[in-house]
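The lines below spell out each chain.
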Amino acid sequence: MTVHAAIEAAPNIARLRGFVTDLADLIDQGDDEAAILAGGRVLLKRLVATDDWLPEAYAQPSPERYQQYLLHCDSAERFSVVSFVWGAGQSTPIHDHTVWGLVGVLRGAELVESYVREDGNLFRTGEGVLHAGEVEAVSPAVGDIHRVTNGAEGVSVSIHIYGANIGAVKRAVYAPDGTPKPFISGYANSHLPNLWDRSRP
Ligand code: FE
């Protein structure tokens, strides 16, 4: 199926429902971060391998800034699933997460610059491009500070999962000199996709 056809067809919301259910099952097995990142990577890679399930409302860019749409939050806030939508040239500030996270690119590409912070100073440790279908992890244990820029000429969309209700987490953005500023991201949407109407396919 071409990307164009995927956008016009009714979204295959069962794929997102299955992902959410599988992720909850994985997290039910224990809170070992390495195991969650390894298992979650497999699930997210499978989710972003097919672009037929994300409702258009959660793939809309804004000319103002990148958009962060909540797709699902676990009832105990053990995890959340978010779509990030990037217009041409848009990027995040340098920021941290404070919890585990996985980023999978659904459409387009993302440029990821990684940093470490030591004695209050930021050091850039690497840079890479994440293409559609690829997944990358963040966490205080595996590297938690980065800056993400849309790496495509048009709109890019990535699907993120985090070990908390990420829009409510107190975390930080950083000036290039390493000065932190408190940051709570929130979400762009006030309505969530309906994953649970089983009268539909
Ligand atoms: Fe991030």
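Remember, predicted model here, so these are calculated numbers, not experimental data.

Definitions and limits used
Residues numbered from 1 in each chain as written. Predicted model: local features only at pLDDT ≥ 70, side-chain atom pairs only at ≥ 80, totals over all residues. Heavy atoms only, no water. Core = buried A, V, L, I, M, F, W, Y, C linked by side-chain atoms within 4.5 Å. Buried < 20%, exposed > 50% of the residue type's maximum accessible area, 1.4 Å probe, protein only. Helix = DSSP H or I, 4+ residues; strand = E, 2+ residues; numbered from the N terminus. Contact = heavy atoms within 4.5 Å. 1 Å grid on protein atoms, 1.4 Å probe; cavity = no way out; pocket = protein on both sides within 12 Å on 5 of 7 lines; lining within 4 Å. Points joined across faces, edges and corners; volume = space filled by probe spheres on them. Nonpolar A, V, L, I, M, F, W, Y, C, P; charged D, E, K, R; others polar. Donors = N, O, S within 2.8 Å, 3.2 Å for Na, K, Ca; no water. Expected span 1.5 Å × (residues − 1). Pairing = 2+ DSSP bridges. Axes fitted to C-alpha atoms, helices over the stretch in contact; angles between N-to-C directions.

Peer 1: Break down the nonpolar core for me, citing the residues and quoting the values.
Peer 2: Side chains that are nonpolar tend, in soluble globular proteins, to be buried together. With 32 residues, the main nonpolar core has Leu16, Phe19, Leu23, Val81 and Ile159 as its most contacted residues. Put simply, the parts of the chain that give this core at least two residues each are α2 (13-28), α3 (33-48), β1 (67-73), β2 (80-86), β4 (101-107), β7 (135-138) and β9 (156-162). A total of eight residues in this core trace back to one element, the largest contributor, which is α2. Look past the residues within four positions of Leu23 in its chain and what remains in contact with it is Leu43, Phe79, Val81 and Ile161. Counting 11 residues, the second-largest nonpolar core is a separate cluster that includes Val82, Phe84, Tyr162 and Ile166.

Peer 1: I'd like to hear about empty space enclosed by the protein, residue by residue, with values.
Peer 2: Under the criterion given, the structure shown has two cavities of 30 Å³ or more. The volume enclosed by the largest cavity comes to roughly 90 Å³. Forming the walls of the largest cavity are 14 residues, and the residues nearest its centre are Phe84, Thr92, His95, His97 and Tyr162. Those elements giving two or more residues to the lining of the largest cavity turn out to be β2, β8 (145-150) and β9. Classifying every residue of the lining of the largest cavity gives seven nonpolar, six polar and one charged. Sorting the residues of the lining of the second largest cavity by element identifies β5 (109-118) and β8 as the ones contributing at least two each. Its residues assigned to classes, the lining of the second largest cavity shows four nonpolar, one polar and two charged.

Peer 1: A description of the coordination of the iron ion should follow, citing residues and the corresponding values.
Peer 2: When a metal holds four donors in a tetrahedron, each ideal angle between them is 109.5 degrees; when it holds six in an octahedron, the ideal angles are 90 or 180 degrees. Within the protein, the atoms that donate to the iron ion are His95 (NE2), His97 (NE2) and His146 (NE2), at distances of 2.1 Å. Linear spacing of the donor residues for the iron ion on their chain is H-x1-H-x48-H. One end of the pair, His97, is in the loop between β3 (94-95) and β4; the other, His146, is in strand β8, and 49 residues separate them in sequence. For His146, a relative accessible area of 6% puts it in the buried group.

Peer 1: An account of α2 is requested, with residue identities and associated values reported.
Peer 2: If you check α2, its first and last C-alpha atoms are 23 Å apart, about what 16 residues at 1.5 Å a residue would give, namely 22 Å. Within the sequence span of α2, burial applies to Ile13, Leu16, Arg17, Phe19, Val20, Leu23, Ala24, Leu26 and Ile27. Packed against the buried residues of α2 are α3, β1, β2 and β9. Of the residues one or two after α2, Gly30 is the one with positive phi, at around 150 degrees.

Peer 1: Tell me what's going on with the environment of Ile13, and back it up with residues and numbers.
Peer 2: Along the polypeptide, Ile13 turns up in helix α2. Residues Ile13 and Ser158 lie 145 residues apart in sequence; the distance between their C-alpha atoms is 16 Å. Apart from residues no more than four positions distant in its own chain, Ile13 is found in contact with Trp53, Pro55, Pro193, Asn194, Leu195 and Arg200.

Peer 1: Kindly report on the sheet that holds β2, identifying the contributing residues and their values.
Peer 2: Taken together, five strands build an open sheet; the order of strands is β1-β2-β9-β4-β7 and the sheet is antiparallel. Sheet topology places β1 and β7 at the edges, where each strand pairs with a single neighbour. Across the sheet, the axes of successive neighbouring strands diverge by a mean angle of 25 degrees, strand direction being ignored. As paired elements, β2 and β9 share seven bridges and run antiparallel to each other. Looking across to β9, one finds that Val81 is bridged to Ile161. Contacts from α2 reach β1, β2 and β9 within the one sheet, and its direction differs from that of β2 by about 135 degrees. Packed on one face of the sheet, α3 meets β4, β7 and β9 and runs near 15 degrees to β4.

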